[in-house]
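Read off the chains here:
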Amino acid sequence: MAQTAPAAALTHRLVPSPAGRIHLVEQGSGPLVLLVHGFPESWYSWRHQLPVLAAAGYRAVALDVRGYGRSSKPADVSAYRMLELVEDNVAVVRALGERTAVIVGHDWGATIAADSALVRPEVFRAVGLLSVPYAPRGGPRPSEVFARMGGEEEFYVSYFQEPGRAEAEIEPDVRGWLAGLYAALSADTMPPAGAPDPHFVSRGGRLRDRFPAGRLPAWLSADDLDAYAAEFERTGLTGALNRYRAMDRDWEDLAGFDGAPITQPSLFVGGALDASTTWMADAIAAYPVTLPGLVSSHVLDGCGHWIQQERRDEVNEILTGWLASLPA
């Protein structure tokens, strides 16, 4: 199996950004590859990619998104709008002394990466998307769409909208909640077919009511879980959850990009057992129109949501092969 890098091989930095500061971890030298995590994670979710990309001749940089880890955490929900996060990414590229970068994201990070490539194509020359497909802006307000999902149940995105509500569930037991969520969306520990869907909340219930208990996914050691939990125990969850609370603002801000394709060279890798892949099958089918620069698309059998951790060797091989194919 691939080995993670020793701590001494990683360089931690704080760089200025519109948020105030962004914390990043870098390894290697060469063309810049910016790695953007999703919810509820941190730069640490790229721990298996940093040494491999560095060994392949790239300057691999994983950041803490605004609201996470050691990056700044503005109080105002509007500070978590997508355009603000795009400018954070541009600021990181500039702070590192580079003009352009390849950007790769997972989960929310995939959407942040896609919109970074869409809005600032002169900076982001190629884009890789893990788990969450690209779907152009369009349709009704996101809050209206999500409110209609689930019937008598409540979709998790709607559950996250009210400030303080999800925090009251999560923050008394951050480690246990994270363990349950990671297990709920991992191929080897997710609930069986026909069990209540952990993406939905029963009226008056909690998300964690449907999480598996007592077993960590194979990719997640107790030390890994401690690393994630320690950051959220220190910072709380509000900064991370504010990304969901800014979605309607994104819909307004990106109106000028309605239906717009991303034309740079692109990559998609999803898990066959991940709801993000199955629910958004139409978005993947639309790639000839929405991602005309698509180099390759992969759906990994037997894989859940945490793809670069669940299937690190496969993902590393796909990433390095794709990067090698890009124009210099």
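Rules and cut-offs
- Residues numbered from 1 in each chain as written.
- Predicted model: local features only at pLDDT ≥ 70, side-chain atom pairs only at ≥ 80, totals over all residues.
- Heavy atoms only, no water.
- Helix = DSSP H or I, 4+ residues; strand = E, 2+ residues; numbered from the N terminus.
- Rg over C-alpha atoms; globule rule 2.2 N^0.38 Å.
- Buried < 20%, exposed > 50% of the residue type's maximum accessible area, 1.4 Å probe, protein only.
- Contact = heavy atoms within 4.5 Å.
- Areas by Shrake-Rupley, 256 points an atom, 1.4 Å probe, with all protein chains shown as cover.
- Salt bridge = Lys/Arg side-chain N within 4 Å of Asp/Glu carboxyl O.
- Phe/Tyr/Trp six-rings, centres within 6.5 Å; stacked < 30°, edge-to-face > 60°.
- Core = buried A, V, L, I, M, F, W, Y, C linked by side-chain atoms within 4.5 Å.
- 1 Å grid on protein atoms, 1.4 Å probe; cavity = no way out; pocket = protein on both sides within 12 Å on 5 of 7 lines; lining within 4 Å.
- Points joined across faces, edges and corners; volume = space filled by probe spheres on them.
- Nonpolar A, V, L, I, M, F, W, Y, C, P; charged D, E, K, R; others polar.
- Polar contact = N/O pair within 3.5 Å; in protein donor to acceptor, adjacent residues only side chain to side chain.

Student: Pulling in residues and values, what's your account of the overall build of the chain?
Tutor: If you tally the helices and strands in the chain, you get 15 helices and 10 strands. Since a compact globule built from 328 residues should have a radius of gyration of about 20 Å, the 18 Å found for the chain is in line with a globular shape. Each of the three principal axes of the chain carries a C-alpha extent, and together these read 55 × 45 × 40 Å. Within the chain, buried positions represent 55% of all 328 residues. Within the chain, counting contacts between residues at least 6 apart in sequence, those at least 24 apart form 77% of the total. A total of about 12,800 Å² of accessible surface is found on the chain, and carbon and sulfur atoms cover 54% of it.

Student: Residue-level account of the pattern of salt bridges, with values.
Tutor: Applying the stated rule across the entire model yields 20 salt bridges. Between Glu26 and Arg13 there is a salt bridge, with its nearest N and O atoms 3.0 Å apart. Of this pair, Glu26 sits in strand S2 (residues 20-27) while Arg13 sits in strand S1 (residues 11-17), and the two are 13 residues apart along the sequence. The class for Arg13 is partly exposed, based on a relative accessible area of 28%. The salt bridge involving Arg81 is made with Asp253; its shortest N-O contact spans 2.7 Å. With Arg81 in the loop between strand S4 (59-63) and helix H2 (82-95) and Asp253 in helix H10 (residues 247-253), the pair connects residues that are 172 residues apart, well separated along the chain.

Student: Could you give an account of the packing of aromatic side chains, with specific residues and numbers?
Tutor: Following the criterion strictly, the structure yields 21 aromatic pairs and no others. On the basis of an interplanar angle of 85° and a centroid distance of 5.3 Å, the ring pair of Phe39 and Tyr244 is categorised as edge-to-face. Taken as a pair, Phe39 in the loop between strand S3 (32-36) and helix H1 (50-55) and Tyr244 in helix H9 (residues 238-245) lie far apart in primary sequence, 205 residues in all. In this structure Tyr244 comes out as buried when scored by relative accessible area, which is 4%.

Student: Pulling in residues and values, what's your account of the nonpolar core?
Tutor: By size, the foremost hydrophobic cluster in this structure holds 99 residues, and its most contacted members are Phe39, Val104, Phe124, Leu129, Leu178 and Trp322. Counting residues per element, this core draws most heavily on helix H3 (residues 108-119), which supplies eight residues.

Student: An account of the layout of surface pockets is needed here, citing residue identities and associated values.
Tutor: The gaps of empty space that remain are located by a probe, the size of a water molecule, rolled over the atoms. Looking at the largest pocket, its volume works out to about 1,300 Å³. If you tally residues by element for the lining of the largest pocket, the top one is H3, at six residues. Among the residues making up the lining of the largest pocket, the classes are represented as 37 nonpolar, six polar and six charged. Each pocket or cavity is described by its volume, and for the second largest pocket that value is around 260 Å³.

Student: Any chance you could break down the side chain of Arg66 for me, citing the residues and the numbers?
Tutor: Relative to the helices and strands, Arg66 is located in the loop between S4 and H2. Given the relative accessible area of 3%, Arg66 is considered buried. A polar contact of 2.7 Å, which involves the side chain of Arg66, links it to the backbone oxygen of Ala79. Within the local environment of Arg66, its side chain forms a polar contact with the side chain of Asp88, the two groups lying 2.8 Å apart.

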